[in-house]
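What follows is the residue order along each chain.
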Amino acid sequence: MLVRLMYASRAVTAFDQDQLALIVRKSRGSNPAEGITGVLCFSQGIFLQVLEGGRSAVNRLYNRIASDPRHTQVELLCYEEIEERRFAGWSMGQVDIARLNPALLLKYSEKALLDPYAVSGKVSMALFEEMLATASIVGQP
Ligand code: FAD
């Protein structure tokens, strides 16, 4: 039984690249043993993450992430049972915001900003899929 979950959250402090790298490293270290794959995007204080894997493993990880004191306003945007993964190649891929064409953000939102709180979960998922198609996700294991 596979599920896909997507949430958004806000960093509680100004996050630098080292802090972000720590989370990505931890994710890439822990997720394979749990069969978790996914992608993490961070821009202007906002996290957007997709997790895929077995239902119990994804639920357990989401609960752990949601109680992490490094972020707040954790909002579940999407939760679905799936037949196959979309992000199978990433133990935790990272969106390279610098490589992201602002037109891609404009396609789905009022401004060229990542703001998952202002759009539907469906739109944020569509954005992730476009990032996948335009090779904006880095960090293949
Ligand atoms: P430890 O790493 O030993 O952490 C113990 C406790 O301290 C936890 O409550 C943890 O939240 C907290 N903590 C750890 N480091 C810090 C720090 N630098 N500052 C403040 N508190 C800290 N983990 C994964 O395994 N996979 C993921 O895909 C994943 N994605 C994440 C995405 C985001 C946006 C964030 C903020 C965290 C993510 N994490 C992820 C980390 C996750 O929230 C837990 O910190 C981690 O899984 C706990 O690992 P652990 O049980 O080994 O505990």
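Everything below is about the structure printed above this text.
Before going into details, it helps to say that this report is about the structure given with it. Source: prediction; values computed, not measured.

### Looking at empty space enclosed by the protein
Here comes step 1: Across all of its chains, the model carries 1 cavity of 30 Å³ or more by this definition.
Here comes step 2: Size it by volume and the largest cavity reaches roughly 60 Å³.
Here comes step 3: Of all the secondary structure elements, the ones that give two or more residues to the lining of the largest cavity are helix H3 (102-108) and helix H4 (121-133).
Here comes step 4: Top contributing element to the lining of the largest cavity by residue count: H4, with 3 residues.
Here comes step 5: Across the lining of the largest cavity, the residue classes tally to 8 nonpolar, 2 polar and 1 charged.

### Digging into the state of the cysteines
Here comes step 1: Counted by the stated rule, this structure contains 0 disulfides.
Here comes step 2: You can see Cys78 has no disulfide; the closest cysteine sulfur is in Cys41, sitting 15 Å from it.
Here comes step 3: Note on Cys78: relative accessible area 18%, which makes it buried.

### Some points on the site of the ligand
Here comes step 1: Lys26, Ser27, Asn31, Arg64 and Asp68 are the nearest of the 17 residues found near the ligand.
Here comes step 2: Contacts to the ligand include Arg64, whose side-chain N or O atom sits 3.0 Å from an oxygen atom.
Here comes step 3: Measuring from an oxygen atom of the ligand, one finds a side-chain N or O atom of Arg70 at 3.1 Å.
Here comes step 4: Protein chains shield 65% of the accessible area of the ligand, which is 910 Å² for the free molecule.
Here comes step 5: Counting only elements with at least two residues in the shell around the ligand, the list comes to helix H1 (17-34), strand S3 (46-54) and helix H2 (55-66).
Here comes step 6: For the shell around the ligand, the leading source of residues is H1, giving 5 residues.
Here comes step 7: Across the shell around the ligand, the residue classes break down as 8 nonpolar, 5 polar and 4 charged.

About the thresholds
Residues numbered from 1 in each chain as written. Predicted model: local features only at pLDDT ≥ 70, side-chain atom pairs only at ≥ 80, totals over all residues. Heavy atoms only, no water. 1 Å grid on protein atoms, 1.4 Å probe; cavity = no way out; pocket = protein on both sides within 12 Å on 5 of 7 lines; lining within 4 Å. Points joined across faces, edges and corners; volume = space filled by probe spheres on them. Helix = DSSP H or I, 4+ residues; strand = E, 2+ residues; numbered from the N terminus. Nonpolar A, V, L, I, M, F, W, Y, C, P; charged D, E, K, R; others polar. Disulfide = S-S within 2.5 Å. Buried < 20%, exposed > 50% of the residue type's maximum accessible area, 1.4 Å probe, protein only. Near = heavy atom within 4 Å. Polar contact = N/O pair within 3.5 Å; in protein donor to acceptor, adjacent residues only side chain to side chain. Areas by Shrake-Rupley, 256 points an atom, 1.4 Å probe, with all protein chains shown as cover.

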